[in-house]
Amino acid sequence: MNLDKLAERYGTPTYVYDLAAVRAAYADLRAALPEPTLLYYSLKANPHPTLVAELAALGCRAEVSSTGEVDAALAAGVDPAAVLLTGPGKTTATVSHALRRGVRRFSVDSPTDLARVGAAAAGHGTRAECLLRVNADEPVAGMGLAMTGTASQFGADASWVLRRPGDFRGTAEAPVTGLHLYMGSNLTDEATLLRQFEVAVAIAVRLRDVLGDLTEIDLGGGFGTPYARAGVRPTLPGLAGPLARLLDDRLPDWRRGGPRISFESGRYLVGDCGTLLCRVVDVKSSKGQLFTVLDTGVHHLGGMAGLRRLPPILPSVRPAGGHDDAPAEIVTTGLVGPLCTPLDTFSRTAELPAPRPGALLTVPNVGAYGLTASLLAFLGHPAPAEVVVDGDTPVSASRLCLDRVDLPVDQPATVPSGR
Ligand SMILES: *Cc1c(COP(=O)(O)O)cnc(C)c1O
């Protein structure tokens with residue numbers, strides 16, 4: 001797809017997502033996982049309806065955490081039976097919304113959460129299947145953004161469950177029939193991925209002894225891919241074999257669905273499908289330091305990045321395509337956005353071919369944790385256009401917008417006078 005043409009047609013900033021890249025990532029991830037296993041797409045990476053629909057058509061289930069994500073998954077064609085609602089702060093309103101829409105699988109984080117799902121299911125006259133989210137007590141060596149082995153706001157410590165298993169079995173309306181063991185994110189090497197799955201399987205085997213038979217064990221994922229800079233999504237050709245042997249060894253009936261094994265991924269499936277097109281607005285120097293000001297910033301990209309800290313974002317400069325194209329000198333520049341805060345900085349020391357006002361820049365590998373992970377409402381700039389292509393064929397174009405909706409204002413009751 002000609003990015004320069006898209007930038008002209010839709011203006012900048014514009015996100016471009018390529019469905020051909022989504023299919024390639026899906027095929028690579030399936031090849032990295034043993035069969036038969038289930039794969040959930042985590043909508044928080046990118047809830048764009050065309051991407052979710054593509055992944056649903058490929059066979060992904062949906063891992064969601066809010067009423068908005070429930071609706072996005074169902075609107076994209078995901079079967080409600082294939083939706084898993086997760087998250088540490090599920091309110092009764094959220095759970096009830098999901099139940100009304102046909103969702104029956106919930107990851108629960110605590111006895112309180114389990115009881116809340118149970119009460120909501122009973123209120124709806126239905127039954128909810130619960131996967132208990134468990135936090136491993138030991139750290140997994142080699143994991144960066146670890147959600148395990150330390151105090152965690154997610155799930156229940158395995159030691160807590162072992163100490164008081166009766167608090168974690170659920171009720172007739174909401175029995176705990178599975179486990180959810182998401183341990184971390186953006187792991188790129190097979191050895192680390194395998195080690196976390198070994199820890200997860202060991203926990204599952206121990207907890208099965210106290211919780212009884214389990215129908216599903218969600219082993220999480222954390223499959224990594226480059227973010228907001230050049231780089232190639234890794235393939236994981238050496239994972240499926242050892243993972244299948246691990247499961248054969250520890251959970252010998254897994255191939256017959258006793259239990260079913262599932263995985264989750266957001267960034268791996270959509271990270272490299274997305275590119276952000278933006279332009280240089282100004283280039284100036286302050287006290288010897290160069291600043292390149294862009295028409296995009298942390299309200300469109302990198303507001304949170306799905307990581308605890310924001311890594312520097314590194315776009316590449318498009319060659320202008322003119323005749324006088326001597327290769328530009330490489331300069332070190334601060335790369336900043338238009339927001340009125342010094343936090344709106346993609347990089348303090350980007351090394352780029354000297355950018356000129358009007359130059360088109362592309363930020364690669366931003367299909368995951370781009371627009372919806374950013375500070376869209378801050379300062380009121382419009383959202384970038386989002387254009388979906390399939391190779392060279394345009395598929396959809398849209399722009400997200402925030403609307404203020406008026407709510408009724410209750411006037412204080414007037415006290416009749418003369419009493
Ligand atoms: C964020 C999250 C994911 C997706 O993480 P990626 O790094 O995008 O694959 C999966 N499962 C849970 C529970 C999450 O919180």
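Just above sits the structure.
The structure presented is a predicted model; accordingly, all values stated were derived computationally and were not measured.

**A short note on the pattern of salt bridges**
Part 1: In the structure shown here, the tally under the stated rule is 12 salt bridges.
Part 2: Asp 272 is the salt-bridge partner of Arg 233, the closest N and O atoms lying 3.1 Å from each other. Note that Arg 233 is positioned in the loop between β9 (216-221) and α9 (240-250) and Asp 272 in the loop between α10 (267-270) and β11 (274-286), a separation of 39 residues in sequence.
Part 3: Judged by relative accessible area, which is 10%, Arg 233 ranks as buried.
Part 4: A residue is classified by how much of its surface remains accessible, and Asp 272, at 25% relative accessible area, is partly exposed.
Part 5: For the salt bridge of Asp 253 with Arg 256, the shortest nitrogen-to-oxygen distance reads 2.5 Å.
Part 6: A relative accessible area of 39% means that Asp 253 is categorised as partly exposed.
Part 7: Sharing partners across several salt bridges, the network here consists of Arg 23, Glu 54 and Asp 390.

**A short note on the packing of aromatic side chains**
Part 1: Taken as a whole, this structure holds six aromatic pairs when the rule is applied.
Part 2: Each ring, one from Tyr 15 and one from Tyr 17, has its centre 5.8 Å from the other, and the planes form 25 degrees; the classification is stacked. The burial state of Tyr 15 is the same as that of Tyr 17; both residues are buried.
Part 3: Ring plane angle 90 degrees and centroid distance 5.1 Å describe the contact between Trp 160 and Phe 168, whose orientation is recorded as edge-to-face.
Part 4: Its relative accessible area of 29% is what places Trp 160 among the partly exposed residues.
Part 5: An aromatic cluster of three or more residues is present, and its members are Phe 197, Phe 223, Phe 263 and Tyr 268.
Part 6: For Arg 9, the ring lying beneath its charged end belongs to Tyr 10, and the centroid distance is 4.6 Å.

**Some points on the side chain of Glu 216**
Part 1: Looking at where Glu 216 falls in the secondary structure, it is placed in strand β9.
Part 2: Assessed through its relative accessible area of 0%, Glu 216 is described here as buried.
Part 3: Side chain to side chain, Glu 216 and Tyr 40 meet in a polar contact 2.8 Å long.
Part 4: In this structure the side chain of Glu 216 is engaged in a polar contact, spanning 2.8 Å, whose partner is the side chain of Ser 262.
Part 5: With near-sequence residues (within four places) excluded, Glu 216 lies in contact with Leu 38, Tyr 40, Arg 105, Leu 131, Thr 177, Gly 178, Leu 179, Pro 259, Arg 260 and Ser 262.

**Focus on the pairing of strand β5 (residues 105-108)**
Part 1: By the alternation rule, side chains of β5 split into Arg 105 and Ser 107 and Phe 106 and Val 108, which are all buried.
Part 2: Inspection of the sheet shows strand β4 (residues 83-85) paired to β5 by two bridges, in the parallel sense. Among the inter-strand pairings, Leu 85 is bridged to a residue of β5, identified as Phe 106.
Part 3: Taken together, β4, helix α5 (residues 92-100) and β5 form a β-α-β motif whose crossover is right-handed.

**Quick look at a nonpolar patch on the surface**
Part 1: On the surface, a nonpolar cluster with roughly 250 Å² of combined accessible area is contributed by Leu 375, Phe 378 and Leu 379.
Part 2: With relative accessibility at 38%, the residue Leu 379 sits in the partly exposed group.

Rules used in this analysis
Counting from 1, residues in each chain are numbered in the order their sequence is written. Thresholds applied to this predicted model are a pLDDT of at least 70 for local features of residues and 80 or more for the giving and counting of side-chain atom pairs; totals over whole chains, interfaces and linings are not thresholded and use all residues. To get the side-chain values, take all heavy atoms of the structure and skip hydrogens and water. Note on definitions: salt bridges are taken to be side-chain nitrogens of Lys or Arg within 4 Å of carboxyl oxygens of Asp or Glu. Strands here are runs of E lasting at least two residues and helices are runs of H or I lasting at least four, both read from the DSSP assignment and numbered beginning at the N terminus. Relative accessibility thresholds used throughout: buried, under 20% of the residue-type maximum; exposed, over 50%; partly exposed, between the two (1.4 Å probe, protein chains only). Two aromatic rings, drawn from Phe, Tyr or Trp (for Trp, its six-membered ring), form a pair once their centres lie within 6.5 Å of each other, and the interplanar angle then sorts them: stacked below 30 degrees, edge-to-face above 60, tilted otherwise. Ring-over charges, as used throughout, are those where CZ of Arg or NZ of Lys falls within 6 Å of the ring centre and within 35 degrees of the ring normal. Pairs of N or O atoms within 3.5 Å make up the polar contacts considered here, provided that, within protein, one atom can donate a hydrogen while the other can accept it, and that residues adjacent in sequence are counted only when both atoms are side-chain atoms. In this analysis, two residues are considered to be in contact whenever any of their non-hydrogen atoms come within 4.5 Å of each other. Any two strands with at least two DSSP bridges between them are considered paired. Handedness of a crossover: with both strands directed away from the viewer, a clockwise path from the first strand across the helix to the second marks it as right-handed. Note on patches: the residues involved have over 30% relative accessible area and no salt bridge, like charges join within 9 Å, and the nonpolar side chains Val, Leu, Ile, Met, Phe, Trp and Tyr join within 5 Å. The protein chains shown are the only cover counted for residues, whose accessible areas, like all others here, come from Shrake-Rupley with a 1.4 Å probe.

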